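# Descriptive analysis of the structure
Chain by chain, the residues:
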Amino acid sequence: MASVPRGQGDSKSADSSEPPLINLPPAEAADDGDDPAPATGTADGAEAEWREARIAPAQHGLRLDLALVALAPEFSRSHLQHLLGEGHAWLDGVPARIASRRVKSGQRLRVQLVPTDESRAYTPQPMALQVVHEDAHLLVLDKPAGLVVHPAAGNWSGTLLNGLLAHHAGAAQLPRAGIVHRLDKDTSGLMLVGKTLPAVTALVRAIAAREVHRRYLAICHGEPAVTRFTVEAPIGRDPQVRVRMAVVPQAAGGRAARTDVEVLARRDGHAALSCTLHTGRTHQIRVHLAHSGHPLVADAVYGGRAALGLQRQALHATELRLQHPVSGEPLAFVQGPPADLAAAWAQLGLRAVR
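Position numbers for residues start from 1 in each chain and track the written sequence from start to end. Given that the model is predicted, a residue must reach a pLDDT of at least 70 before its local features are reported, and side-chain atom pairs must reach 80 or more before they are shown or counted; all residues, however, enter totals for whole chains, interfaces and linings. The side-chain figures draw on all heavy atoms in the structure; neither hydrogens nor water molecules are used.

## Concerning the overall build of the protein chain
Applicable threshold: Secondary structure counts use DSSP, requiring at least four H or I residues in a row for a helix and at least two E residues in a row for a strand, with both numbered from the N terminus. With a 1.4 Å probe rolled over the protein chains alone, any residue whose accessible area is under 20% of its type maximum counts as buried; one over 50% counts as exposed, and the rest are partly exposed. Under the convention used here, a 1.4 Å probe and the Shrake-Rupley method define accessible areas, while residue burial counts only the protein chains that appear.
Of regular secondary structure, the protein chain possesses six helices and 15 strands. Burial status across the protein chain gives 49% buried among its 354 residues. Roughly 17100 Å² of accessible area belongs to the protein chain as shown, and the carbon and sulfur atoms make up 50% of that amount.

So, in C-alpha cells, the structure goes:
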C-alpha cells in the first residue's frame, strides 16, 4: 500500500474502506475548454495557483477532499474543504463542492489554491489612521472603536496592523508592524506604535517597567460608595469560559494586576470613572470593574448592559505619558472620547474632555 503523503496538514485519515492515498499524476494539458479561464489572482489581489491532475485508478472511490489533500499536501484538509465550499474546485469542468463526494478513475480534478486567510493576514491595506503624533521613530494613534488591532481567527484582514503596513514601509521589518500594546476591538483611544526597531525595543521595555502612564475613561453600572479605590487582583484565563479573562489566583496561573479608580460623577445608577493602569493584563479594566461589582456599560462579555445610548463597552484610552523612546523627551497626549461615549459622558453631567 502506498503511504499517505507527508504534510497534508490534517490528523484525520481516510476510512478503512477507502483506497490508499497516493500522489496524483500530472494532468494532461487541457484542450476541451470546459473549465473557467485561469485567474491571475484572488479578489483581494493575492496570487492563487491552479493545480490539476487525473484521478488514478487506485483512487477510484476516494473522498473528494482526500483527493485534494493528495494534490495539494501543503494545505490542511480543513482549508481544502473550505475551498470546496467556496467553489474553487472542479471535476471534469463541473464545480464540485461536496467534500464527501466519491471521485472516479480518470476524472480531471482542478483546484484554485487560494491562499489561506492567515497567510494573507500580513498584507498592507490602506486605511485612514487617526494620527495624533508622528515622528521618525514614534506614532501615536487615536484608535476608533470597532477596529481590531492585530490579525487573529475571524479577523485576518482590515486590522490596524494591515493599516500600519500600508502607512510606512518600515513597518514590514518590525515585530507586529511596531505594535507594542493593544486595545480591545471595542475600546477607543490612544495607542503607541514604534516605527523603528530601537523605538519598538525601548517602548516594550518602558511598558514592562511601568514607565508609560496610561489613563482611561469609563462608565460603569452602579454608583461606587467611595470616590477612590484600587482593585488589586491577579488576572488569568477564565477556567469556565475560555474566551474571557477572570480574577484567578496566582497559584492557578493568574498574573498580578492593579487598577486605580477615581469616581468623577454619579447619576441614576451609573458612574463616570477615571482608571489608571499599573499593569497591562488582557481586559484588565473590564475584569477588575466587573469583579468589584461595577461592570462597564454595554460590556456584555463581563455582565454590562447597554445603556446611555452605548452599544459598545464604555472604555476609552484618554491619556498617555512617557519619555520618547529615542530622544528621551517627555511626551504627554490627551484625547477626548468619540461621539458615542462623549454623549453618554454628558448625560452624567461631565464635559467630553477631561
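## Details of the pairing of strand β4 (residues 108–113)
Counted only if it meets this: Paired strands are those between which DSSP finds at least two bridges.
With six of six residues buried, β4 lies mostly within the body of the structure. Here β4 shows a buried face lined by Arg108, Arg110 and Gln112 and a second buried face lined by Leu109, Val111 and Leu113. The pairing of strand β1 (residues 49–54) with β4 spans six bridges and is antiparallel. Paired with arginine 54 across the bridge in β4 is arginine 108.

## Remarks on the sheet that holds strand β3 (residues 94–95)
Test applied: In this description, contact between two residues means that some pair of their heavy atoms is separated by no more than 4.5 Å. Fitted lines through C-alpha atoms serve as axes, helices being fitted only where they are in contact, and the angles separating the N-to-C directions of these axes extend from 0 to 180 degrees.
The sheet built from four strands is open, its strands ordered β1-β4-β2-β3 with antiparallel pairing. Two strands lie at the open edges of the sheet, namely β1 and β3, each paired on one side alone. Pairing of strand β2 (residues 89–91) with β3 involves two bridges; the strand directions are antiparallel. Directly across from tryptophan 90, in β3, lies its bridge partner proline 95. On the sheet, helix α1 (residues 64–71) packs against β1, β2 and β4 and is oriented at approximately 70° with respect to β4.

## A closer look at the pairing of strand β8 (residues 213–221)
Every regular strand shows the same layout, with side chains that alternate between the two sheet faces. Along β8, eight of the nine residues are buried, which leaves the element largely enclosed by surrounding structure. With six bridges connecting them, β8 and strand β14 (residues 315–323) associate as antiparallel partners. In the sheet register, tyrosine 216 faces β14, and the bridge partner there is alanine 317. Inspection of the sheet shows β8 paired to strand β13 (residues 270–277) by eight bridges, in the antiparallel sense. Bridging across to β13, histidine 221 finds its partner in histidine 270.

## Overview of the packing of aromatic side chains
Cut-off, in case you're wondering: Only the six-membered ring of Trp is used, alongside the rings of Phe and Tyr, when aromatic pairs are assigned; centres must lie within 6.5 Å, and planes under 30 degrees apart are stacked while those over 60 apart are edge-to-face, with the rest tilted.
Overall, the coordinates contain one aromatic pair when judged by the stated rule. Seen from their ring centres, tryptophan 50 and tryptophan 90 are 5.4 Å apart, and the 25° between their planes marks the pair as stacked. Taken together, the positions of tryptophan 50 in strand β1 and tryptophan 90 in strand β2 put the pair 40 residues apart, joining distant regions of the chain. Judged by its relative accessible area of 10%, tryptophan 90 is buried.

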